[in-house]
Amino acid sequence: MSEKKVSVLEGFKAFLMRGNVIDLAVAVVIGAAFTQIVNAVVKGVINPVVGAFGTKALDSYSSCLKGTCEVVNGEVDGIQILWGTVLSATLTFLITAAVVYFLMVLPMSKYLARRAEREAAKEGAKEVVELTELEVLKEIRDAVVAQRGSGHDQ
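About the thresholds
- Residues numbered from 1 in each chain as written.
- Predicted model: local features only at pLDDT ≥ 70, side-chain atom pairs only at ≥ 80, totals over all residues.
- Heavy atoms only, no water.
- Phe/Tyr/Trp six-rings, centres within 6.5 Å; stacked < 30°, edge-to-face > 60°.
- Helix = DSSP H or I, 4+ residues; strand = E, 2+ residues; numbered from the N terminus.
- Buried < 20%, exposed > 50% of the residue type's maximum accessible area, 1.4 Å probe, protein only.
- Pairing = 2+ DSSP bridges.

### Describing the packing of aromatic side chains
In step 1: Under the criterion given, the structure shown has two aromatic pairs.
In step 2: Plain terms: the ring middles of Tyr-61 and Trp-83 are 5.4 Å apart, the flat faces sit at 35 degrees to each other, and that makes the pair tilted. Placement of the pair is Tyr-61 in the loop between α2 (19-53) and β1 (63-72) and Trp-83 in helix α3 (residues 83-153), with a sequence separation of 22 residues.
In step 3: Residue Tyr-61 is classed as buried on the basis of its relative accessible area, which comes to 18%.
In step 4: Centroid distance Tyr-101 to Phe-102: 5.0 Å. Interplanar angle 80 degrees. Geometry classified as edge-to-face.
In step 5: With a relative accessible area of 39%, Tyr-101 lands in the partly exposed category.

### A word on the pairing of strand β2 (residues 75-81)
In step 1: Bridge count between β1 and β2: six bridges; the pairing is antiparallel. When the bridges of β2 are listed, Val-71 appears paired with Val-76.
In step 2: Here β1 folds back onto β2 in antiparallel fashion, the turn holding two residues, of which Asn-73 has a positive phi close to 55 degrees.

### A closer look at the environment of Val-144
In step 1: Mapping Val-144 onto the fold places it in helix α3.
In step 2: Sequence spacing of Val-144 and Glu-119 is 25 residues, and the spatial spacing of their C-alpha atoms is 37 Å.

The values reported here are purely geometric and, on their own, carry no functional implication.
Below is the structure:
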């Protein structure tokens, strides 16, 4: 029974020590911190700018489906749709996606493309060198064969 526990623990340790699991954990932590920054930008900058065109902050925009949607005894009377909150969350998502794409994904894909081009160029140069060496060896072989052939004639 203890062997099974040891092997399970060893397997769990191996799982945790994989590079991709640690990278994923770091990405989640950085993503959470970055989300706070984006939320602060949306709430502190974008919502007031949008609110400047209207009369309220973006989170305050809502529509009432049923009733007056007034607060009575701490409860909303009616059915209220908080579309401003949805719009704010959508803007937060779009800003986050744009920043991640333009600051992380796009530069990394350009870097990987340049790296692949360099690797392809190295492979191409290596093949040319190998072909050139092969051609030189063939010439040497032909010269040796020619010398042997001319030596037999004398």
